[in-house]
Amino acid sequence: MYDIEKFYQARSVADAVRALRADERAIVIAGGSDVLIEIRDGKLAGCSLVSIHGLAELEGVERTAEGEIVIRAGTSFSRIANDPILLRTVPMLAYAADQVGGPQIRNIGTIGGNVCNGVTSADSASSLWALNATLELTGGEGTRLVPIREFYTGPGKTVRRHDEILTAIRIARADYEGFGGCYLKYGKRNAMEIATLGCAAMVRLTPDQKAIAELRLAYGVAAPTPMRCTATEEAVRGAAITPELLDRIAQGALNEVKPRSSWRASREFRLQLVSEMSRRAVRQAIVNAGGEADV
Amino acid sequence: MFKTLTMTVNGREVSIPVDERESLADTLRNRLGLTSVKKGCEVGECGACTVLIDGEAFDTCIYLSLWAEGRSILTVEGLKSPTGELNPVQQAFIDEAATQCGFCTPGLIMSAVEIVGTGKRYSREELRKLISGHLCRCTGYDSILNALERVVEQTYKHVGHEGEAPGPAGHA
């Protein structure tokens, strides 16, 4: 038996918003693979839950006529990992979703929950940062769109208001078309593991495929929230693909990240990972973009 | 608070009162006597409580019972054929001696039923990933993977075509 004081199963997003407004203590539960564990731990003992589990309007992936990808927030990681639209347009994100937990966790865990938890280690977060995802929040005052870089305010903290539900994650066509991407996760085991470090790289090449038109480099667990190495990205705009390029990117990333020591890994080890994983992810992203990274 | 939960369990519709704080593992074990559903870690790490819900494997220790409303649940108790024969997955576990203490076995068998139900062929590495949500502290997994390889191969020979999955089901 879980230590839950109040439980309400919402019948729709609007119903969930109403229930949240009526109870300022209420917590949203979707898949439950984080919330239920925290209840077991005692951290959320005696909580009041508003469940959005199983709401059909929160499930599925579509591509609009303008080419925008819309991922409903309640879509499970297994669906995302196997979704034909995502595998074609943003395979890096499908791959990242496939690195979460194990098969049963991927069947229950939702991408929206992964984002709303606000943790830096979320497997989907670095890819969504690299993809410039936009988050669609629906609350009592209607719907608003928040760029993912403005969503996180600290570890476990986001700008989502108490009565808001994350309803969709949107990725514009210009943010995926023409890019090659690569997500790498470092963990001590291959499954059932929280990332020691996550790195997502996206590369768009110049028409001759000899230089970087645009780089995007995002990390999880390299700072208190997921982050992008924007200074490094700017610095290599137009740079030729040479052996020195990967050194420059790795050095740039090291100047921008702020990892901490935790029981999982020391700051020093994470810095080593930041450097090495930037090289590997960028090299693979260049290949995935159609270039040669024989460097 | 108690609520009435209506779901299909091993092919039979049941309607029972459940506490809204209850996990599906508790409901299946304590109210329906389905003790193949084992409670190991209770935080979704070990996979001992795995059952199929609408054909997909879930850890029932982190699944609220009320979420099962209208859904179809399959546990090891539902695998036996009408004439009492074991499911091919169960038989493969016996043939390969894939069981020692037996605690992880029901959960692994349910994941295996889902895997076999796709009708696809998998490499040993792929199978390793597909059962990575289960912990076994006895066998070292080798005999379990042998059993999976055996039954996946058997099924593929009978019904299998790449991409033409008959869907996860109970006893064929």
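Thresholds, definitions, all that
All residue numbers refer to positions counted from 1 along the written sequence of the respective chain. Here the convention is simple: chains get letters from A, ligands get numbers from 1, in the order in which they are written. Reporting of local features is limited, given that this is a predicted model, to residues whose pLDDT is at least 70; pairs of side-chain atoms are given and counted only at 80 or more, and all residues count toward the totals for whole chains, interfaces and linings. The basis for every side-chain value is the complete set of heavy atoms in the structure, and neither hydrogens nor water enter the calculation. To define axes, lines are fitted to C-alpha atoms, for helices over the stretch in contact only, and angles between the resulting N-to-C directions are given on a 0 to 180 degree scale. The helix and strand labels rest on DSSP assignments: H or I over at least four residues marks a helix, E over at least two residues marks a strand, and numbering proceeds from the N terminus. For classification purposes, angles smaller than 35 degrees are called roughly parallel, those larger than 145 roughly antiparallel, those between 65 and 115 roughly perpendicular, and all remaining angles oblique. If you view the pair so one helix is near and one far, a crossing is left-handed when the near helix is turned anticlockwise from the far one by less than a right angle, and right-handed when it is turned clockwise. Any two residues having at least one pair of non-hydrogen atoms within 4.5 Å are treated as being in contact. Note on residue classes: Ala, Val, Leu, Ile, Met, Phe, Trp, Tyr, Cys and Pro are nonpolar, Asp, Glu, Lys and Arg are charged, and everything else, Gly too, is polar. Accessible area that two parts lose when put together, with a 1.4 Å probe and added across both, is what the buried area reports. Should a side-chain nitrogen of Lys or Arg be within 4 Å of a carboxyl oxygen of Asp or Glu, the pair is scored as a salt bridge. Here a polar contact means two N or O atoms within 3.5 Å. Within protein one must be a hydrogen donor candidate and the other an acceptor candidate, and residues neighboring in sequence count only if both atoms are side-chain atoms. Partly exposed describes any residue whose relative accessible area lies between the buried limit of under 20% and the exposed limit of over 50%, with all areas from a 1.4 Å probe on protein chains only and scaled to the type maximum. When DSSP locates at least two bridges between a pair of strands, those strands are taken to pair. Two aromatic rings, drawn from Phe, Tyr or Trp (for Trp, its six-membered ring), form a pair once their centres lie within 6.5 Å of each other, and the interplanar angle then sorts them: stacked below 30 degrees, edge-to-face above 60, tilted otherwise. Confidence of the prediction at every residue is given by pLDDT, a number between 0 and 100.

Points about the packing of helix H2 (residues 88-95) of chain B against helix H5 (residues 142-159) of chain B
Residues and elements named next belong to chain B.
Okay, so step 1: Where H2 meets H5, the closest approach of the two axes is 8 Å, and the angle between their N-to-C directions is 135°. One finds that H2 runs oblique with respect to H5. In this structure, H2 meets H5 at a crossing whose hand is right-handed. Packed against H2, whose contacting residues are Pro88, Val89, Ala92, Phe93 and Asp95, the element H5 presents Ile144, Ala147, Arg150, Val151 and Gln154 at the interface.
Okay, so step 2: Taken together, the residues of the contact of H2 with H5 sort by class into 7 nonpolar, 1 polar and 2 charged.

Considering the interface of chain B and chain A
Bring the parts together and some accessible area is lost; that lost area is often taken as the interface size.
Okay, so step 1: On the chain A side, the residues contacting the 31 residues of chain B number 28 residues.
Okay, so step 2: A combined buried area of about 2400 Å² lies between chain B and chain A, and 56% of that area is made up of carbon and sulfur atoms.
Okay, so step 3: Three residues, Arg21, Ile62 and Trp67 of chain B, lead the burial of chain B against chain A; their summed loss comes to 28% of the area buried on that side.
Okay, so step 4: Counting every contact that joins chain B to chain A gives 3 salt bridges.
Okay, so step 5: For Glu56 of chain B, the salt bridge goes to Arg79 of chain A, with nearest N and O atoms at 2.4 Å.
Okay, so step 6: Inspection of the chain B/chain A interface yields 13 residue pairs in polar contact (both at pLDDT 80 or more).

Some remarks on the environment of Val146 of chain A
Residue and element names in this part refer to chain A.
Okay, so step 1: Looking at the secondary structure, you find Val146 in strand S7 (residues 142-147).
Okay, so step 2: Judged by relative accessible area, which is 5%, Val146 ranks as buried.
Okay, so step 3: Measuring from C-alpha to C-alpha, the distance between Val146 and Thr134 comes to 5.6 Å, with 12 residues separating the pair along the chain.
Okay, so step 4: Sequence-distant contacts of Val146, defined by excluding residues within four places in its chain, comprise Ala133, Thr134, Leu135, Leu137, Phe151 and Val159.

Structural notes on the sheet that holds strand S11 (residues 180-186) of chain A
All names here are of chain A.
Okay, so step 1: An order of S11-S12-S13-S14 is seen for the 4 strands of this open sheet, with the pairing classed as antiparallel. In the strand order of this sheet, the two ends are held by S11 and strand S14 (227-228), each with one partner.
Okay, so step 2: Bridge count between strand S12 (residues 197-205) and strand S13 (residues 212-220): 8 bridges; the pairing is antiparallel. Note on S13: the bridge partner recorded for Val203 is Leu215.
Okay, so step 3: Each of S11, S12 and S13 touches helix H11 (residues 267-288); the most contacted strand, S12, lies at about 30° to it.

Remarks on the packing of aromatic side chains
All names here are of chain A.
Okay, so step 1: Taken as a whole and judged by the stated rule, the model has 5 aromatic pairs over all chains.
Okay, so step 2: Taking 5.9 Å as the distance between ring centres and 45° as the angle between the ring planes, the aromatic pair formed by Trp129 and Tyr152 counts as tilted. Taken as a pair, Trp129 in helix H8 (residues 123-130) and Tyr152 in strand S8 (residues 152-154) lie far apart in primary sequence, 23 residues in all.
Okay, so step 3: For Trp129, a relative accessible area of 9% puts it in the buried group.
Okay, so step 4: When the centroid spacing of 5.5 Å and the interplanar angle of 75° are considered together, the rings of Tyr186 and Phe269 count as edge-to-face. With Tyr186 in strand S11 and Phe269 in helix H11, this pair connects stretches of sequence that are 83 residues apart.
Okay, so step 5: A relative accessible area of 31% means that Tyr186 is categorised as partly exposed.
Okay, so step 6: One aromatic cluster is present, built from ring pairs that chain together Trp129, Phe151 and Tyr152.

Quick look at the confidence of the model for chain B
Okay, so step 1: Taken as a whole, chain B shows an average pLDDT of 93; of its residues, 92% reach a score of 70 or greater.
Okay, so step 2: Predicted complex, confidence summary: ipTM 0.94, pTM 0.94.

Digging into the pairing of S12 of chain A
Residues and elements named next belong to chain A.
Okay, so step 1: In terms of residue burial, S12 counts as a mostly covered element, since 8 of its 9 residues are buried.
Okay, so step 2: As paired elements, S11 and S12 share 7 bridges and run antiparallel to each other. Its bridge partner being in S12, Lys185 is matched across the sheet by Gly198.
Okay, so step 3: Linking S12 to S13, which pair antiparallel, is a turn of 6 residues; within it Gln209 sits at a positive phi near 60°.

Considering the environment of Leu135 of chain B
All names here are of chain B.
Okay, so step 1: Along the chain, the position of Leu135 falls in the loop between helix H4 (124-130) and H5.
Okay, so step 2: Note: C-alpha distance between Leu135 and Glu45 (90 residues apart in sequence) is 7.8 Å.
Okay, so step 3: Those residues in contact with Leu135 that lie beyond four places of it in its chain are Glu45, Cys46, Cys104 and Tyr141.

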